[in-house]
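Summary of the model geometry
Below are the chains, spelled out letter by letter.
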Amino acid sequence: MRGKLLAGQLLEAASGPVRLSGDEPTRGVLNDPRVIGLELELIGQSRAPGSLEIDPIHKKALYALKDGKRLFVTYWCDICSIRTYTPGQCWCCQEQTELDLRERYD
Ligand SMILES: [Zn+2]
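To start, this report covers the structure provided alongside it. (Residues numbered from 1 in each chain as written. Predicted model: local features only at pLDDT ≥ 70, side-chain atom pairs only at ≥ 80, totals over all residues.)

Time to look at the overall build of the chain. Assigned secondary structure in the chain consists of one helix and 10 strands. Scanning the chain from its N terminus toward the C terminus, one meets helices and strands in the order β-β-β-α-β-β-β-β-β-β-β. Over its C-alpha atoms the chain spans a radius of gyration of 14 Å, differing by no more than 12% from the 13 Å that the globule rule assigns to 106 residues. For the chain, with 106 residues in total, the buried portion stands at 19%. Across the chain, contacts joining residues at least 24 apart in sequence account for 47% of those joining residues at least 6 apart. (Helix = DSSP H or I, 4+ residues; strand = E, 2+ residues; numbered from the N terminus. Rg over C-alpha atoms; globule rule 2.2 N^0.38 Å. Buried ≥ 20, exposed ≤ 12 C-beta atoms within 10 Å, placed from the backbone. Contact = placed C-beta atoms within 7 Å.)

Right, here's the structure in full:
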């Protein structure tokens, strides 16, 4: 499913607003102010009309659509060269990680 991410775990899809749910790392991405407003492609299960349960984070179910490309949503710590998949502090140096949309996952 594709659409623009709105605040409050909502996706503005062609069919109308879709309420999003997912595991904790996925919800972390959905609530990241740097991701809100981006065009996303989400893979998951629709158990009720107007809702989507996004597949678990390890299934790579969440992409940003930018410049005609489908990019993985990742987070990068420049200091430690550590990549994660949900926003927050680097587990090594405790600095905030940077959003890094990229074509490769690892
Ligand atoms: Zn770090």
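Counting 13 residues, the largest nonpolar core has Leu 11, Leu 20, Leu 40, Leu 42, Leu 52, Ile 54 and Leu 62 as its most contacted members. Looking at this core, the elements that each hand over two or more residues are strand S3 (16-21), helix H1 (24-30), strand S4 (39-42), strand S6 (51-54) and strand S7 (62-66). Ignoring any residue separated from it by four or fewer positions in sequence, one finds Leu 20 in contact with Gln 9, Leu 10, Leu 11, Leu 30, Leu 52 and Ile 54. (Core = buried A, V, L, I, M, F, W, Y, C linked by C-beta atoms within 7 Å.)

Here the phi dihedral of Lys 60 falls at roughly 55 degrees; this positive angle occurs in a residue that is not glycine. By secondary structure assignment, the location of Lys 60 is in the loop between S6 and S7. For Gln 94, which is not glycine, the phi torsion reads 70 degrees and is therefore positive. Residue placement: Gln 94 occurs in the loop between strand S9 (82-84) and strand S10 (98-102). Exposure remark for Gln 94: the 10 C-beta atoms within 10 Å place this residue in the exposed category.

In this section: the pairing of strand S8 (residues 69-77). By the bridge criterion, four bridges tie S7 to S8 in an arrangement that is antiparallel. Directly across from Ala 64, in S8, lies its bridge partner Leu 71. As consecutive antiparallel partners, S7 and S8 are separated by two residues, and within that stretch Asp 67 has a phi angle of approximately 50 degrees, a positive value. Across five bridges, the pairing between S8 and S10 is antiparallel. From the neighbouring strand, Tyr 75 faces S10, where its bridge partner is Leu 99. Of the strand pairs in this sheet, S8 and S9 are connected by three bridges, and their pairing is antiparallel. Its bridge partner lying in S9, Cys 77 is registered against Ile 82. (Pairing = 2+ DSSP bridges.)

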